Amino acid sequence: MSKEQNDIGFICPSCDSKKYSMHGFIDRSNFQPLAFLSDNPWVAVLEAIICASCHKTIPGHLACRYGEISFEQAKKEWEKSYKNYVANIKLKEIYRGNT
Ligand SMILES: [Zn+2]
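Reading the values: the criteria
Residues numbered from 1 in each chain as written. Predicted model: local features only at pLDDT ≥ 70, side-chain atom pairs only at ≥ 80, totals over all residues. Helix = DSSP H or I, 4+ residues; strand = E, 2+ residues; numbered from the N terminus. Buried ≥ 20, exposed ≤ 12 C-beta atoms within 10 Å, placed from the backbone. Contact = placed C-beta atoms within 7 Å. Core = buried A, V, L, I, M, F, W, Y, C linked by C-beta atoms within 7 Å. Pairing = 2+ DSSP bridges. Axes fitted to C-alpha atoms, helices over the stretch in contact; angles between N-to-C directions.

> Can you walk me through the overall build of the chain in this structure?
Of regular secondary structure, the chain possesses three helices and four strands. The linear arrangement of helices and strands in the chain, starting from the amino end, is α-β-β-β-α-α-β. Within the span of the chain, comprising 99 residues, buried residues form 20% of the whole. Expressed as a percentage of contacts within the chain between residues at least 6 apart in sequence, the contacts between residues at least 24 apart total 71%.

In structure tokens, the structure reads:
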């Protein structure tokens, strides 16, 4: 694993991998304003990371556990709110892992 990948503290809440293939900001240029009225949890997510092992798109705040949440809390939140939603988002790349 490269040092840069370690820096963001990624752990996949879906498969526990510490490797990711891409880290990016979510591109809202084609975003539908009405999407904010939906119950899709992705509308509030700004940043996402793609897991190199399971290839799922993980919200940044869960993948890197912002707000000092525990990995267990991140896993629960992933299972409860995000896992069953198709993210359907485009990412503006910040960093691409070499996996
Ligand atoms: Zn994964």
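> Would you explain the nonpolar core in this entry?
Nonpolar side chains tend to gather and get buried jointly when the protein is soluble and globular. Core analysis: the largest hydrophobic core is formed by 13 residues, its most contacted members being Phe 10, Cys 12, Tyr 20, Ile 49, Cys 51, Ile 58 and Ala 63. Here this core gets four residues from one element, more than from any other, and that element is strand E2 (residues 47-51). The residues touching Ile 49, leaving out its near neighbours within four places in the chain, are Phe 10, Tyr 20, His 23, Ile 58, Gly 60 and Ala 63.

> Explain the environment of Arg 28 to me, please; I cannot follow it from the model alone.
You can see Arg 28 is positioned in the loop between strand E1 (20-27) and E2. Taking the C-beta count within 10 Å as the criterion, Arg 28 has 13 such neighbours and is therefore assigned partly exposed. Arg 28 sits 61 residues away from Ile 89 along the chain, and the two C-alpha atoms are 8.3 Å apart.

> Would you mind going over the sheet that holds strand E4 (residues 90-96) with me for this structure?
Across a sheet, strands are paired by hydrogen bonds formed along the backbone, either parallel or antiparallel in direction. In spatial order, the strands read E3-E2-E1-E4; together these four strands make up an open sheet with antiparallel pairing. Of all the strands in the sheet, just strand E3 (57-59) and E4 have a single pairing partner and so form its edges. On average, each strand axis in the sheet is tilted by 35° relative to the strand beside it, whichever way the strands run. The pairing of E1 with E4 spans six bridges and is antiparallel. The residue of E4 that forms the bridge with Gly 24 is Glu 93.

> Explain the pairing of E1 to me, please; I cannot follow it from the model alone.
Note on strand geometry: in a regular strand, side chains alternate between the two faces of the sheet. Bridge analysis of E1 against E2 gives five bridges, and the strand direction is antiparallel. From the neighbouring strand, His 23 faces E2, where its bridge partner is Ile 49.

Without other data, these values stay purely geometric and don't point to any function.
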